[in-house]
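Now for the letters of each chain:
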Amino acid sequence: MNVGFIGLGNMGNPMAASLLRAGHALRVHDLDEDKAANLVEAGASWASSPREAAVGAEAVLTSLPGPAVVETVVLGEDGVFEGLAQGTVYIDTSTGEPGLARRIAREGKARGIDVLDAPISGGVFGARDATLTVFVGGPQAVFGRYEPLLRGVGETVVRMGDTGSGVATKLVNNLMMFINFIGACEGMAIGIQAGIDPRRLIDAIRPSMGQSRMMERCLTRFLDDQSLYSAVDLGVKDMHLGVELGRSLDVPLEIAPMVEDLLRRYQDRGNAQADLLEYIGDYLKRAGVDPAGKP
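Treat the numbers as computed from the prediction; the structure is a model and nothing was measured.

Enquirer: Can you break down helix H12 (residues 256-271) residue by residue, with the values?
Expert: Count 3.6 residues to each turn of an α-helix, and residues three or four apart come out pointing the same way. When H12 is considered as a whole, its buried residues turn out to be Ala256, Pro257, Val259, Glu260, Leu263, Tyr266, Gln267 and Asn271. Residues of H12 that are buried make contact with helix H8 (165-193), helix H11 (232-248) and helix H13 (278-287).

Below you can see the structure in the form of structure tokens.
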């Protein structure tokens, strides 16, 4: 299949590489052309704009930082919809807003273009291994046609419902994920202060009810002095979108707004582009402990 791919960051680049390995003809675009170097070397072609990436494509995928960028890239001048032909599909894998997904789908329908919102979960590691979970919103018939394409990047591809439901699922996922992350930080600090070795703590909790993927992955990688490859500002954006969705649905939120505030305060101290795992070190320092297990 002829595929356009726009947005070649930490997630988009390995996803595009997976589509190349799956045998698709790929045309790629990013604001930073250097990010496409490995893909072009592997056989992709370069497009100078979103419109150019869409011309001649049967499907265009985007992996972008947030709703405002998605709106510009897809609906703006020289955007994706200026290049896609009738009978094609636009698939957004970004974490965005259900309302924007529905608006883009309406515009696509008016142009004869199918639209799926298909945000992903699994982090950079899942993107590299093509083992992501893909939450899809859109018509069943459209999902059925393009599920094989999405399986080029995801091991688990599930239709959640109509347009916007994929994005809503991703926001719920990320809201719960960051709540778990803060809980893991606090639990680790308490354990260390109580004289427990942090690695032994992780091993004990792993088969227990306090286990979460965020606890295991984040705390282990932090102790191994590795990165998560996810910036703090993206975490703040995701939490904000999740909180706003809950409020728009009149859900009485209690924990999520506090977690958003914690991450936002850390961001505002000059840490917007810091790796999320740096928050753990900052929190442990404020708690008066270090990861070696010494109060």
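Still more ground to cover, so stick around.
Enquirer: So what's going on with the packing of aromatic side chains? Residues and values would help.
Expert: By the definition in use, this model includes four aromatic pairs. Between the aromatic rings of Phe181 and Tyr279, the centroid separation amounts to 5.8 Å while the plane-to-plane angle is 50°, which identifies the pairing as tilted. Here the residue Phe181 occupies a position in helix H8, and Tyr279 occupies one in helix H13, the gap between them amounting to 98 residues. A centroid spacing of 5.2 Å and a plane angle of 85° characterise the contact between Tyr266 and Tyr279, whose relative ring orientation is edge-to-face. Within this pair, whereas Tyr266 is found in helix H12, its partner Tyr279 is found in helix H13, the two being separated by 13 residues in sequence. Of the two residues, Tyr266 and Tyr279, both sit in the buried class.

Enquirer: Give a detailed account of helix H7 (residues 140-150), specifying residues and quantitative values.
Expert: Regarding H7, the residues found buried are Val142, Phe143, Tyr146, Leu149 and Leu150. The buried residues of H7 all sit within an arc of 105° when viewed along its axis, so they share a single face. Seen from the buried face of H7, the exposed residues on the opposite side, beyond 90 degrees, are Ala141 and Pro148.

Enquirer: Describe the pairing of strand S9 (residues 154-161), listing the residues and the values that go with them.
Expert: Examined bridge by bridge, strand S8 (residues 132-137) and S9 share six bridges and lie parallel to one another. Residue pairing for S9: Phe135 is matched across the bridge by Val158. The handedness of the S8 to S9 crossover, carried by H7, is right-handed.

Enquirer: Could you give an account of the environment of Arg151, naming the residues involved and the relevant values?
Expert: For Arg151, the position within the fold is in the loop between H7 and S9. Arg151 gets classed as partly exposed once you look at its relative accessible area, which sits at 40%. With 20 residues separating them along the chain, Arg151 and Thr131 place their C-alpha atoms 8.8 Å apart. Looking at Arg151, its side chain comes within polar contact range of the side chain of Glu147, at 2.8 Å.

Calculation rules
Residues numbered from 1 in each chain as written. Predicted model: local features only at pLDDT ≥ 70, side-chain atom pairs only at ≥ 80, totals over all residues. Heavy atoms only, no water. Buried < 20%, exposed > 50% of the residue type's maximum accessible area, 1.4 Å probe, protein only. Helix = DSSP H or I, 4+ residues; strand = E, 2+ residues; numbered from the N terminus. Contact = heavy atoms within 4.5 Å. Phe/Tyr/Trp six-rings, centres within 6.5 Å; stacked < 30°, edge-to-face > 60°. Arc of directions from axis to C-beta. Pairing = 2+ DSSP bridges. Right-handed = clockwise from strand over helix to strand, strands pointing away. Polar contact = N/O pair within 3.5 Å; in protein donor to acceptor, adjacent residues only side chain to side chain.

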